[in-house]
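The residues making up each chain are set out below.
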Amino acid sequence: MSFDSAALRADALSQVPRILGLGDRDADSPAYGCFDRNYWQYRLHDVANARFQEVALLLARLFRGQDARYAAHPKIAAWAGAAVRFWLNARNRDGSVNEVYPHERGFCATSFSAWSVAEAVALVPEACPDPRELVRTGEWLARHDNVEVANQQAACALALLNIGLATGELRFCDEAKRKLLGLFNRLSPEGLLLEYGAPDLGYTSITLGLLARFNRKQPLEDICRVAQVNLQWLDRLVSEDGTFDAAQGSRRTQYLYLYGVVAWKHPLADRLQRGIEAGRVVTPGMLDDRYCIQLATDYVETADVHDTLEAPGHAAVPGDARPQRLGRPLAA
Amino acid sequence: MRLYLVTLGRSAWGARWLRERLLGTLVRGRRVKYVPSSRVFEPGELDRRA
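Positions within a chain are numbered from 1, following the residues in the order the chain's sequence is written. Just so you know, chain letters begin at A and ligand numbers begin at 1, following the order they were written in. Where local features are concerned, this predicted model is filtered to residues with pLDDT of at least 70; where side-chain atom pairs are given and counted, the filter is 80 or more; whole-chain, interface and lining totals use all residues. Only hydrogens and water are set aside; all other atoms, that is, all heavy atoms of the structure, feed into the side-chain values.

Undergrad: An account of the overall build of chain A is requested, with residue identities and associated values reported.
TA: By definition, any uninterrupted DSSP run of H or I lasting at least four residues is a helix, any uninterrupted run of E lasting at least two residues is a strand, and each is numbered from the N terminus. Broken down by element type, chain A carries 14 helices and zero strands. Taken from the N to the C terminus, the helices and strands of chain A come in the order α-α-α-α-α-α-α-α-α-α-α-α-α-α. Only the C-alpha atoms count toward the radius of gyration. The rule for a globule is 2.2 Å times the residue count to the power 0.38. The C-alpha radius of gyration computed for chain A amounts to 19 Å, which stays within 12% of the reference 20 Å derived for 332 residues, consistent with globular compactness. By its C-alpha atoms, chain A is 50 × 50 × 40 Å across when sized along the principal axes. Looking at the 332 residues of chain A, the share that counts as buried comes to 61%. Using a 1.4 Å probe on the protein chains alone, a residue whose accessible area is under 20% of its type maximum counts as buried, one over 50% counts as exposed, and one in between counts as partly exposed.

Undergrad: Pulling in residues and values, what's your account of the overall build of chain B?
TA: Check the secondary structure of chain B and you find two helices and zero strands. Buried positions account for 18% of the 50 residues belonging to chain B. Shrake-Rupley sampling with a 1.4 Å probe provides the accessible areas, and residues are treated as covered by the protein chains on show and by no other component. On chain B, roughly 4,200 Å² of surface is accessible, and the fraction owed to carbon and sulfur atoms is 59%.

Undergrad: I'd like a rundown of the nonpolar core, residues and numbers included.
TA: The nonpolar side chains of a soluble globular protein tend to be buried with one another. Residues and elements named next belong to chain A. With 108 residues, the main nonpolar core has L59, V84, L180, L211 and F214 as its most contacted residues. Those residues within four positions of F214 in sequence are excluded, and the remaining contacts are A157, L158, L161, A176, L180, L220 and I223. Counting residues in each nonpolar core, the second largest holds six residues, with A31, C34, Y39 and F86 among its members. Here, nonpolar core means buried Ala, Val, Leu, Ile, Met, Phe, Trp, Tyr and Cys residues that are tied together by side-chain atoms lying within 4.5 Å of each other. Residue contacts are defined here by distance: any two heavy atoms, one from each residue, within 4.5 Å place the two residues in contact.

Undergrad: So, the packing of helix 6 (residues 107–123) of chain A against helix 10 (residues 201–217) of chain A: which residues are in play, and what are the values?
TA: Residue and element names in this part refer to chain A. Relative to each other, helix 6 and helix 10 sit at 40 degrees, their axes nearing to 14 Å. Between helix 6 and helix 10, the crossing angle belongs to the class labelled oblique. In this structure, helix 6 crosses over helix 10, and the sense of that crossing is left-handed. Of helix 10, the residues touching helix 6 (which contributes F112, W115 and E119) are I206, L210, R213 and K217. Amino acids are sorted into nonpolar (Ala, Val, Leu, Ile, Met, Phe, Trp, Tyr, Cys and Pro), charged (Asp, Glu, Lys and Arg) and polar (every other residue, Gly among them). Within the contact of helix 6 with helix 10, the residues separate by chemical class into four nonpolar, no polar and three charged. Here an angle of 0 to 180 degrees is reported between the N-to-C directions of two axes, which are lines fitted to C-alpha atoms, with helices fitted over the stretch in contact. Roughly parallel covers angles under 35 degrees, roughly antiparallel covers those over 145, roughly perpendicular covers 65 to 115, and oblique covers all other angles. Note on convention: near helix rotated counterclockwise from far helix by under a right angle means a left-handed crossing. Clockwise means right-handed.

Undergrad: I'd like a rundown of the environment of Q153 of chain A, residues and numbers included.
TA: Residue and element names in this part refer to chain A. Structurally, the position occupied by Q153 is in helix 8 (residues 150–167). Considering only alpha carbons, one finds Q153 and L180, 27 residues apart in sequence, at a separation of 7.3 Å. What qualifies as a polar contact is a pair of N or O atoms within 3.5 Å, subject to a donor-acceptor requirement within protein and to the restriction that residues adjacent in sequence count only when both atoms come from side chains. At a separation of 2.9 Å, a polar atom in the side chain of Q153 contacts the side chain of D145.

Undergrad: An account of helix 6 of chain A is needed here, citing residue identities and associated values.
TA: To estimate how far a helix should reach, multiply one less than its number of residues by 1.5 Å. For helix 6 of chain A, built from 17 residues, the straight-helix expectation of 24 Å at 1.5 Å per residue is met to within 8% by its first-to-last C-alpha distance of 24 Å. By the criterion of burial, helix 6 of chain A is predominantly enclosed, with 16 of the 17 residues buried.

Undergrad: Describe empty space enclosed by the protein, and please don't skip the residues or the numbers.
TA: Over the atoms rolls a probe the size of a water molecule, and its path tells where empty space is left. Residue and element names in this part refer to chain A. Buriedness for pockets is judged along seven lines, at least five of which must meet protein on both sides within 12 Å for an open set on the 1 Å grid over protein atoms alone, while cavities are sets there where a 1.4 Å probe fits but cannot get out, and lining residues have an atom within 4 Å of a point. Grid points are joined across faces, edges and corners, and a volume is the space filled by probe spheres set on the points. Across all of its chains, the model carries one cavity of 30 Å³ or more by this definition. Volume-wise, the largest cavity comes out at about 80 Å³. Lining the largest cavity we find R9, L13, R61, L62, G65, Q66, D67, V300 and D304. Taken together, the elements giving at least two residues each to the lining of the largest cavity come down to helix 1 (5–13), helix 4 (55–64) and helix 14 (289–310).

Undergrad: Describe the pattern of salt bridges, and please don't skip the residues or the numbers.
TA: Counted as salt bridges are all cases of a side-chain nitrogen of Lys or Arg within 4 Å of a carboxyl oxygen of Asp or Glu. Scanning all chains against the criterion turns up 27 salt bridges over all chains. Residues R25 of chain A and E45 of chain B are paired through a salt bridge, measuring 2.8 Å at the closest nitrogen-oxygen approach. Within this pair, whereas R25 of chain A is found in the loop between helix 2 (16–20) and helix 3 (37–40), its partner E45 of chain B is found in the segment after helix 2 (12–26), the two belonging to separate chains. The exposure classification of R25 of chain A matches that of E45 of chain B, with both residues buried. Residues R105 of chain A and D94 of chain A are paired through a salt bridge, measuring 2.6 Å at the closest nitrogen-oxygen approach. One end of the pair, R105 of chain A, is in the loop between helix 5 (74–90) and helix 6; the other, D94 of chain A, is in the loop between helix 5 and helix 6, with eleven residues separating them in the sequence.

See the structure below:
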């Protein structure tokens, strides 16, 4: 694989000033740490969209990364902590979060933002000195499912795993495996991940990334099996220049996430990078504020995982190291 | 209730009342007030010598 992680990282880093500008960085402001600019700055929305707080993970990666502008910078750590704190305080009493209106309790928003926040806390522990604050979100996620939408269910599983690891409560890790079991029981007959009844290229790439991250923390045979089938499906539909027909997917998603493709060392990564270099693939800078954060984070994490896998002495593809079978409880 | 709020929100007065008074007070615990524009990120904010 001739994948150039530095180029991918540079593409994501080009968006960081824009993303930092979305945040309320005034420590004396009541909305300190809020990255929904339409809420804290323009006052266009009365509810802060919790998904903007996923920026905490990007900031935590920058803080732990190599780029001299952001690495180990105390302000980056402080803003990551502020983003986590705003998210913690903006939650409903039951631990769920809102995107659009009060008491919405969105499964998607809760799953994705909880995963990002818990991952950020793992990278920058001072962002949340007491990880037990995450427990009520873990309990809410454990009680809810959305198996119709594979990417959301996978995000829920990863959020629960992260919360379990952060709090030391294995019940959340077992719930995470149960969520994956629910997801894998709803695959197409060919083994494809489904979004509202049919596969979708962009969302499959998101789900593959979530599964790869899960597998790096908790290797499972079932994940590797599902990933290979879906990677082959993507491989067939993406052309040599990295472009694809979005209309072939159930949700017509126009972008692809790279983490899963790179983490499983699939040659599709090279084609996608050629598309990025040629300006034919949708990159973070082409997305709106809401989605730019997540794709930029994916690019940074993809570059990091590529460098880790290519480092001398690192032989294992995630999940190759004695994977367990799904269904065996971790707490047993 | 939701239909009522949406209808109310579509009128100019209702939208302002909802935003500035009801939700501004209930959700944020304070009324909407003017804040200066900009506050974009400036590279100097991360100047390590500062």
